[in-house]
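Results of the structural survey
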Amino acid sequence: RRHTRYPLVTGVQTCALPIYLQDTVLRAQLPAIEPLLSAFGTVDWHRIRLMRLQPGGGELQRHTDQVDADSGFGVGQLMRIHVPLKTNPEVIFTVWDANDVPKHVHMPTFSAYALDTRWPHRAINGGTDERIHLVMDAMTTPDLQSRLRA
(Lines give C-alpha, C1' and ligand atoms only; values in the text may rest on other atoms or scores of the structure.)
Protein backbone atom coordinates (compact mmCIF):
# COMPACT_ATOMS: atom_id res chain seq x y z
CA ARG A 1 0.00 0.00 0.00
CA ARG A 2 1.42 3.35 -0.97
CA HIS A 3 0.57 6.58 0.83
CA THR A 4 1.97 10.07 0.62
CA ARG A 5 2.84 12.00 3.76
CA TYR A 6 3.20 15.73 3.88
CA PRO A 7 5.88 17.74 5.66
CA LEU A 8 5.30 18.54 9.32
CA VAL A 9 7.55 21.58 9.38
CA THR A 10 6.12 24.69 7.77
CA GLY A 11 8.34 27.22 6.07
CA VAL A 12 10.84 24.57 4.99
CA GLN A 13 11.03 23.51 1.37
CA THR A 14 10.36 19.78 1.19
CA CYS A 15 8.78 17.35 -1.16
CA ALA A 16 6.13 14.77 -0.36
CA LEU A 17 7.68 11.32 -0.22
CA PRO A 18 5.77 8.10 -0.73
CA ILE A 19 5.56 5.82 2.29
CA TYR A 20 4.92 2.13 1.79
CA LEU A 21 2.91 0.46 4.53
CA GLN A 22 3.11 -3.24 5.21
CA ASP A 23 2.18 -5.58 8.01
CA THR A 24 4.95 -7.00 10.17
CA VAL A 25 5.24 -10.71 10.92
CA LEU A 26 3.69 -10.01 14.34
CA ARG A 27 0.23 -9.44 12.86
CA ALA A 28 0.15 -13.02 11.60
CA GLN A 29 1.03 -14.18 15.12
CA LEU A 30 -2.04 -12.44 16.59
CA PRO A 31 -5.00 -13.90 14.66
CA ALA A 32 -7.36 -13.13 17.57
CA ILE A 33 -7.40 -9.43 16.63
CA GLU A 34 -8.67 -10.05 13.08
CA PRO A 35 -12.37 -10.35 14.09
CA LEU A 36 -12.05 -7.06 15.99
CA LEU A 37 -10.59 -5.36 12.92
CA SER A 38 -13.28 -6.87 10.67
CA ALA A 39 -16.01 -5.36 12.86
CA PHE A 40 -15.04 -1.94 11.46
CA GLY A 41 -15.70 -3.01 7.85
CA THR A 42 -13.29 -2.51 4.99
CA VAL A 43 -10.65 -0.20 6.44
CA ASP A 44 -7.27 1.03 5.26
CA TRP A 45 -5.34 0.43 8.50
CA HIS A 46 -2.16 2.47 8.88
CA ARG A 47 -1.02 1.26 12.29
CA ILE A 48 -2.27 -1.48 14.57
CA ARG A 49 -0.66 -2.02 17.95
CA LEU A 50 -1.23 -3.19 21.50
CA MET A 51 -0.53 -0.63 24.19
CA ARG A 52 -0.08 -1.60 27.86
CA LEU A 53 -0.37 0.65 30.87
CA GLN A 54 1.04 -0.90 34.01
CA PRO A 55 -1.09 -1.14 37.16
CA GLY A 56 -0.57 0.89 40.32
CA GLY A 57 -0.23 4.33 38.81
CA GLY A 58 1.05 3.68 35.29
CA GLU A 59 0.60 6.93 33.42
CA LEU A 60 0.76 8.38 29.95
CA GLN A 61 1.34 12.01 30.79
CA ARG A 62 -0.65 14.77 29.14
CA HIS A 63 0.52 15.07 25.54
CA THR A 64 -0.59 15.43 21.93
CA ASP A 65 0.30 13.15 19.03
CA GLN A 66 0.92 15.58 16.23
CA VAL A 67 3.23 13.37 14.23
CA ASP A 68 0.73 12.91 11.42
CA ALA A 69 -0.13 16.05 9.51
CA ASP A 70 -3.25 14.31 8.23
CA SER A 71 -4.73 13.31 11.62
CA GLY A 72 -8.39 13.99 12.32
CA PHE A 73 -11.93 12.71 11.84
CA GLY A 74 -12.57 14.10 8.35
CA VAL A 75 -12.83 11.81 5.35
CA GLY A 76 -9.31 11.09 4.14
CA GLN A 77 -7.70 11.87 7.50
CA LEU A 78 -6.11 9.41 9.93
CA MET A 79 -8.43 8.53 12.80
CA ARG A 80 -7.15 6.83 15.97
CA ILE A 81 -9.39 4.15 17.48
CA HIS A 82 -8.95 2.59 20.94
CA VAL A 83 -10.50 -0.76 21.86
CA PRO A 84 -9.82 -1.74 25.49
CA LEU A 85 -9.02 -5.46 25.64
CA LYS A 86 -8.22 -5.52 29.35
CA THR A 87 -8.97 -2.76 31.81
CA ASN A 88 -10.22 -2.04 35.30
CA PRO A 89 -12.53 0.63 36.78
CA GLU A 90 -9.56 2.69 37.97
CA VAL A 91 -8.21 3.38 34.47
CA ILE A 92 -9.15 6.96 33.59
CA PHE A 93 -8.61 8.57 30.22
CA THR A 94 -8.68 12.37 30.08
CA VAL A 95 -8.95 14.58 27.00
CA TRP A 96 -8.93 18.38 27.00
CA ASP A 97 -11.05 20.49 24.66
CA ALA A 98 -10.23 23.79 22.92
CA ASN A 99 -10.95 25.69 26.15
CA ASP A 100 -8.60 23.40 28.11
CA VAL A 101 -11.54 21.82 29.92
CA PRO A 102 -10.85 18.18 30.82
CA LYS A 103 -13.27 15.33 30.15
CA HIS A 104 -12.62 12.13 32.13
CA VAL A 105 -13.69 8.80 30.63
CA HIS A 106 -13.45 5.17 31.63
CA MET A 107 -13.46 3.02 28.49
CA PRO A 108 -15.19 -0.33 29.12
CA THR A 109 -13.71 -3.52 27.68
CA PHE A 110 -14.44 -4.12 23.98
CA SER A 111 -15.94 -0.68 23.41
CA ALA A 112 -14.55 1.49 20.60
CA TYR A 113 -13.45 5.09 21.03
CA ALA A 114 -12.29 7.41 18.27
CA LEU A 115 -9.75 9.93 19.50
CA ASP A 116 -8.49 13.10 17.88
CA THR A 117 -4.91 12.90 19.09
CA ARG A 118 -4.21 16.52 18.16
CA TRP A 119 -5.97 17.47 21.42
CA PRO A 120 -4.14 16.96 24.73
CA HIS A 121 -4.89 13.64 26.42
CA ARG A 122 -3.66 11.46 29.28
CA ALA A 123 -4.29 8.01 30.74
CA ILE A 124 -3.71 6.84 34.31
CA ASN A 125 -4.08 3.29 35.61
CA GLY A 126 -4.84 3.57 39.32
CA GLY A 127 -5.98 -0.06 39.55
CA THR A 128 -4.23 -3.32 40.35
CA ASP A 129 -4.64 -4.89 36.88
CA GLU A 130 -2.86 -3.88 33.70
CA ARG A 131 -4.66 -1.99 30.97
CA ILE A 132 -4.20 -3.21 27.39
CA HIS A 133 -5.72 -1.39 24.42
CA LEU A 134 -5.80 -2.32 20.78
CA VAL A 135 -4.91 1.03 19.17
CA MET A 136 -5.47 1.49 15.46
CA ASP A 137 -4.91 4.35 13.06
CA ALA A 138 -7.20 4.18 10.04
CA MET A 139 -7.99 6.24 6.98
CA THR A 140 -11.37 7.83 7.73
CA THR A 141 -14.20 6.96 5.36
CA PRO A 142 -17.94 7.76 5.55
CA ASP A 143 -18.57 4.08 6.36
CA LEU A 144 -16.12 4.10 9.26
CA GLN A 145 -17.63 7.33 10.58
CA SER A 146 -21.12 5.83 10.55
CA ARG A 147 -20.00 2.58 12.23
CA LEU A 148 -18.42 4.54 15.07
CA ARG A 149 -21.55 6.67 15.56
CA ALA A 150 -23.78 3.58 15.88
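Nothing here was measured: the structure is a model prediction, and the numbers come from that model.

A word on the packing of aromatic side chains
Inspection of the entire model under this criterion finds 1 aromatic pair. Judged by centre distance (5.8 Å) and plane angle (85°), the ring pair of Phe40 and Trp45 falls under edge-to-face. Of the residues examined, Phe40 reaches a relative accessible area of 8% and is grouped as buried. The cationic tip of Arg62 hangs over the ring face of Trp96; the distance from NZ or CZ to the ring centre is 4.3 Å.

Some thoughts on the pairing of strand E6 (residues 91-96)
Examined bridge by bridge, E6 and strand E9 (residues 121-125) share 5 bridges and lie antiparallel to one another. When the bridges of E9 are listed, Ile92 appears paired with Ile124. Bridge count for E6 against strand E7 (residues 102-105) is 4 bridges, and the pairing is antiparallel. Along E7, the bridge assignment pairs Phe93 with Val105. Hairpin geometry of E6 and E7 is characterised by an intervening segment of 5 residues between the two adjacent antiparallel strands and by a positive phi of about 65° at Asp100.

Quick look at the pattern of salt bridges
In total, this model carries 10 salt bridges according to the counting rule given. One salt bridge connects Arg27 with Glu34, and the closest N-O pair in it is separated by 2.9 Å. On the basis of relative accessible area, Arg27 is assigned to the partly exposed category, the value being 21%. One salt bridge connects Asp143 with Arg147, and the closest N-O pair in it is separated by 2.9 Å. Of this pair, Asp143 and Arg147 both sit in helix H3 (residues 142-149), 4 residues apart, roughly one helical turn. Classification of Asp143 by relative accessible area gives partly exposed; the value is 34%. Its relative accessible area of 39% is what places Arg147 among the partly exposed residues. When salt bridges that share partners are traced, they join Arg47, Arg49, Asp65, Arg80 and Asp137 into one network.

Describing the layout of surface pockets
When its volume is computed, the second largest pocket comes out at roughly 200 Å³. Lining of the second largest pocket is provided by Phe73, Phe93, Val95, Lys103, Val105, Met107, Tyr113, Ala114, Leu115 and Asp116. Elements that contribute at least two residues to the lining of the second largest pocket include exactly E6, E7 and strand E8 (113-115). Top contributing element to the lining of the second largest pocket by residue count: E8, with 3 residues. Counted by class, the lining of the second largest pocket contains 8 nonpolar, no polar and 2 charged residues.

What counts and how
- Residues numbered from 1 in each chain as written.
- Predicted model: local features only at pLDDT ≥ 70, side-chain atom pairs only at ≥ 80, totals over all residues.
- Heavy atoms only, no water.
- Phe/Tyr/Trp six-rings, centres within 6.5 Å; stacked < 30°, edge-to-face > 60°.
- Buried < 20%, exposed > 50% of the residue type's maximum accessible area, 1.4 Å probe, protein only.
- Lys NZ or Arg CZ within 6 Å of the ring centre and 35° of its normal.
- Pairing = 2+ DSSP bridges.
- Helix = DSSP H or I, 4+ residues; strand = E, 2+ residues; numbered from the N terminus.
- Salt bridge = Lys/Arg side-chain N within 4 Å of Asp/Glu carboxyl O.
- 1 Å grid on protein atoms, 1.4 Å probe; cavity = no way out; pocket = protein on both sides within 12 Å on 5 of 7 lines; lining within 4 Å.
- Points joined across faces, edges and corners; volume = space filled by probe spheres on them.
- Nonpolar A, V, L, I, M, F, W, Y, C, P; charged D, E, K, R; others polar.

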